[in-house]
Amino acid sequence: MRTICLYFEIHQIIHLKRYRFFDIGNDHYYYDDYANETSINEVAERSYIPALNTLIEMAKNSGGAFKVALSISGVALEQLEIHAPAVIELLHQLNDTGCCEFLAEPYSHGLSSLANEECFKEEVERQALKMKQMFGKKPKVFRNSSLIYNDEIGAVVASMGFKGMLTEGAKHILGWKSPHYVYHCNMNPNLKLLLRDYKLSDDISLRFSNSEWNEYPLFADKYIGWIDSLPQEEQVINIFMELCALGMSQPLSSNILEFLKALPICAKEKGITFSTPTEILTKLKSVSQLDVPYPLSWVDEERDTSCWLGNGMQREAFNKLYSVADRVRICDDRRIKQDWDYLQASNNFRFMTTKNNGVGLNRGIYESPYDAFTNYMNILGDFISRVNSLYPVDIDNEELNALLTTIKNQGDEIEALQKELSKAQAKLATEDKKPAAKKTTRKPAKKEE
């Protein structure tokens, strides 16, 4: 039976403030609080709240037949908890329907998977733990920032115990193959891959309200008809997009939510179901491995990482940031840890792009990519100075690696001792519950007369 996997991403940009060269060493706060509060309240009111209410209504009205998947960056969760708690409440209501699966992703929505494996693993685990604490289940499926994937990243994700991963069904990777099957990582067949159908996804997220589009206006029956007309053996249709596409990219006045609500009804008429990623990966086998030697993503026509690392400025900022990744990982300064999450966010590098992709890019306070680079590097200069102040500046990578190894070994030893202690305590508690053995006294033997 043909099924649709509908997935939405939630991430919120952290706006940096204007930071001058002369602020380095004097000002350690890098954020525009007014812009952050204003922007998240705007997207909550115009997109997240009406969209989530619609998804909850669809789940309840379908009697459990409608399914959806969501992933939320740790940075976005922090901002929503502070500025838009109503969104958190709606996420809990959606979770209570039993029709939503929450996925894992990097806490910062950054590019650590391209730079530092240990840093990448740490923030994925941190985000997965936060999802378990909020929604009761640890994610089994992973999606990287902007669906970034290659063979090496897939192998790392598989080593962390994830059953599957979402990525882009890029034409330069698939060639003649279709994205409507389950594939697997060529370095670890235990990691299954779900590939985004970028045409069907972009028809909703990018083109829906465009009156010059030749398919405008798009109705749910026509859209489901396109899916129904696919070859019968193509069973999995992956439609992935940002949640803010519903209300921001495509305004509510375009009837985007009415279109969404009609999809399950039209799909049911054609015998098409909705499934979560885990349901699909459990039921279906992989048809073949996917070979991805170079990183791909869901951004721009190239579907690669050039929007973040395509020019010299971006690569210099990226390399400078991750030059202190190991130092940040072993530090216990909460302010530095939080700044690290916010400075890793991929949009900081996107603002520096010089690509002309035909779509207008809102750079916020920046007048140009060079302005974005200068501001970010000023902030990075102060941040790195703070990190280096925690450790001797002359400590080299070899010494730092030795320190990290020692800390890891100590942590493993402490964990082993804690397990032994827990076992001993449990055994002791069991012994205490046993009834005391009755004492028997021997009667003296009778003397023979």
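Within any chain, residue numbers begin from 1 and follow the written order of that chain's sequence. At least 70 in pLDDT is required for a residue's local features to be given in this predicted model, at least 80 for side-chain atom pairs to be given and counted, and no such filter applies to totals for whole chains, interfaces and linings, which use all residues. Note that water and hydrogens are dropped before the side-chain values are worked out from all heavy atoms of the structure.

Draft legend 1. Summary view of the overall build of the protein chain. Runs of E in the DSSP output that reach at least two residues are strands. Runs of H or I that reach at least four are helices, and both are numbered from the N terminus. If you tally the helices and strands in the protein chain, you get 17 helices and twelve strands. Principal axes of the C-alpha set define a box for the protein chain whose edges measure 125 × 65 × 40 Å. Buried means the residue's accessible area, taken with a 1.4 Å probe over protein chains only, is under 20% of the maximum for its type, while exposed means over 50%, and partly exposed covers the values in between. Sorting the 449 residues of the protein chain into buried and exposed places 51% on the buried side. Throughout, a contact is declared for two residues whenever any of their heavy atoms are within 4.5 Å. In the protein chain, the share of contacts with a sequence separation of at least 24, taken over all contacts with a separation of at least 6, comes to 77%. Taken as a whole, the protein chain presents about 22,600 Å² of accessible surface, with 51% of it coming from carbon and sulfur. Neither His nor the chain ends contribute to the count of charged residues, in which Lys and Arg are positive and Asp and Glu negative. Working definition for charges: the position is that of NZ of Lys, CZ of Arg, CG of Asp or CD of Glu. Considering the protein chain, the positive charge centre built from 52 side chains and the negative charge centre built from 62 side chains are found 10 Å apart. Using a 1.4 Å probe, the Shrake-Rupley method yields the accessible areas, and only the shown protein chains count as cover for residues.

Draft legend 2. Quick look at the packing of aromatic side chains. Here is the rule: rings of Phe, Tyr and Trp (six-membered ring for Trp) pair when centre to centre is within 6.5 Å. Planes less than 30 degrees apart are stacked, more than 60 are edge-to-face, and the remainder are tilted. Applying the stated criterion across every chain, the model contains 19 aromatic pairs. Judged by centre distance (5.0 Å) and plane angle (55°), the ring pair of Phe-208 and Phe-259 falls under tilted. Taken together, the positions of Phe-208 in the loop between helix H7 (198-205) and helix H8 (220-228) and Phe-259 in helix H9 (residues 256-269) put the pair 51 residues apart, joining distant regions of the chain. Comparing Phe-208 with Phe-259 shows no difference in burial state: the two are buried. One aromatic cluster is present, formed by Phe-318, Tyr-322, Trp-340, Phe-349, Tyr-376 and Phe-383 through successive ring pairs. One cation-aromatic arrangement involves Arg-143 over Trp-298; the distance from NZ or CZ to the ring centre is 5.5 Å. Lying over the aromatic face of Tyr-198, Arg-303 brings its terminal NZ or CZ to 4.4 Å of the ring centre. The rule is short: NZ of Lys or CZ of Arg within 6 Å of the ring centre and within 35 degrees of the ring normal puts a charge over the ring.

Draft legend 3. Fine view of helix H14 (residues 334-344). Buried within H14 are the following residues: Ile-336, Asp-339, Trp-340, Asp-341, Tyr-342, Leu-343 and Gln-344. Buried residues along H14 sit in contact with helix H2 (74-83), helix H4 (117-135), helix H12 (312-322), helix H13 (325-330), helix H15 (347-350) and helix H16 (369-388).

Draft legend 4. Geometry of H9. Its 14 residues place the ends of H9 21 Å apart at the C-alpha level, agreeing with the 20 Å of an ideal helix rising 1.5 Å per residue. Each residue is assigned a bend, namely the angle between axes fitted to the seven residues that terminate at it and the seven residues that start at it. Along its length, H9 shows its largest kink, about 30°, at Leu-263, and proline Pro-264 lies within four residues downstream of that point. Burial in H9 covers these residues: Ile-256, Leu-257, Phe-259, Leu-260, Leu-263, Pro-264, Cys-266 and Ala-267. Phi for Gly-271, located one or two positions after H9, is positive at around 75°. Expected span of a helix: the number of residues minus one, times 1.5 Å.

Draft legend 5. Looking closely at the state of the cysteines. Cysteine sulfur atoms that pair up within 2.5 Å are treated as a disulfide. Under the criterion given, the structure shown has zero disulfides. Summary of cysteine pairing: Cys-100 is not part of a disulfide, and the nearest cysteine sulfur, belonging to Cys-99, is at 8.7 Å. Looking at Cys-266, it has no disulfide partner, and the nearest cysteine sulfur is the one in Cys-99, 19 Å off.

Draft legend 6. Seen up close, the nonpolar core. Only buried residues count toward a nonpolar core. Its members are Ala, Val, Leu, Ile, Met, Phe, Trp, Tyr and Cys residues joined through side-chain atoms within 4.5 Å. Counting residues in each nonpolar core, the largest one holds 79 residues, and the members touching the most others are Leu-194, Trp-340, Phe-349, Tyr-376 and Phe-383. With near-sequence residues (within four places) excluded, Phe-349 lies in contact with Leu-111, Cys-307, Trp-308, Gln-314, Ala-317, Phe-318, Leu-321, Leu-343, Gln-344 and Tyr-376. Ala-59, Phe-102, Ile-239 and Leu-257 belong to the second largest nonpolar core, which has 58 residues in total.

Draft legend 7. Local environment of the sheet that holds strand S12 (residues 288-290). Pairing between two strands is assigned when DSSP locates at least 2 bridges connecting them. With mixed pairing, the five strands of this open sheet are ordered in space as S4-S5-S7-S6-S12. Across the chains shown, the open sheet's two edge strands, defined by having one partner strand only, are strand S4 (141-143) and S12. For this sheet the average axis-to-axis angle between neighbouring strands, irrespective of direction, equals 45°. The pairing of S4 with strand S5 (residues 164-168) spans three bridges and is parallel. Bridge pairing in S5 places Phe-142 opposite Met-165. Along the sheet, helix H5 (residues 151-159) contacts S4, S5, strand S6 (182-185), strand S7 (188-196) and S12; its crossing angle with S7, the most-contacted strand, is approximately 120°. Axis definition: a line fit to C-alpha positions, over the contact stretch in the case of helices; interaxial angles, taken between N-to-C directions, run 0 to 180 degrees.

Draft legend 8. Spatial organisation of the pattern of salt bridges. Just to be clear on terms, a salt bridge is a Lys or Arg side-chain nitrogen sitting within 4 Å of an Asp or Glu carboxyl oxygen. Under the definition given, this model contains 24 salt bridges. Arg-303 is paired through a salt bridge with Glu-168; the nearest N and O atoms lie 3.5 Å apart. Note that Arg-303 is positioned in the loop between S12 and helix H11 (306-309) and Glu-168 in strand S5, a separation of 135 residues in sequence. A residue is classified by how much of its surface remains accessible, and Arg-303, at 9% relative accessible area, is buried. With a closest N to O distance of 3.0 Å, Lys-199 and Asp-203 form a salt bridge. On the criterion of helical spacing, the pair formed by Lys-199 and Asp-203 is a turn pair, its members being four residues apart in helix H7. Judged by its relative accessible area of 45%, Lys-199 falls in the partly exposed class. Judged by its relative accessible area of 1%, Asp-203 falls in the buried class.

Draft legend 9. Focus on the side chain of Asn-348. Checked against the element boundaries, Asn-348 lands in helix H15. We classify Asn-348 as buried; its relative accessible area is 4%. Under this definition, polar contacts are N or O atom pairs within 3.5 Å; protein pairs additionally need one hydrogen-donor-capable and one acceptor-capable atom, and for neighbouring residues in sequence, both atoms have to be side-chain atoms. Of the polar contacts made by the side chain of Asn-348, one reaches the backbone oxygen of Tyr-342; its length is 3.1 Å. There is a polar contact of 3.2 Å between the side chain of Asn-348 and the backbone oxygen of Leu-343. Contacts of Asn-348, omitting those with residues within four sequence positions, involve Leu-16, Tyr-342, Leu-343 and Tyr-376.

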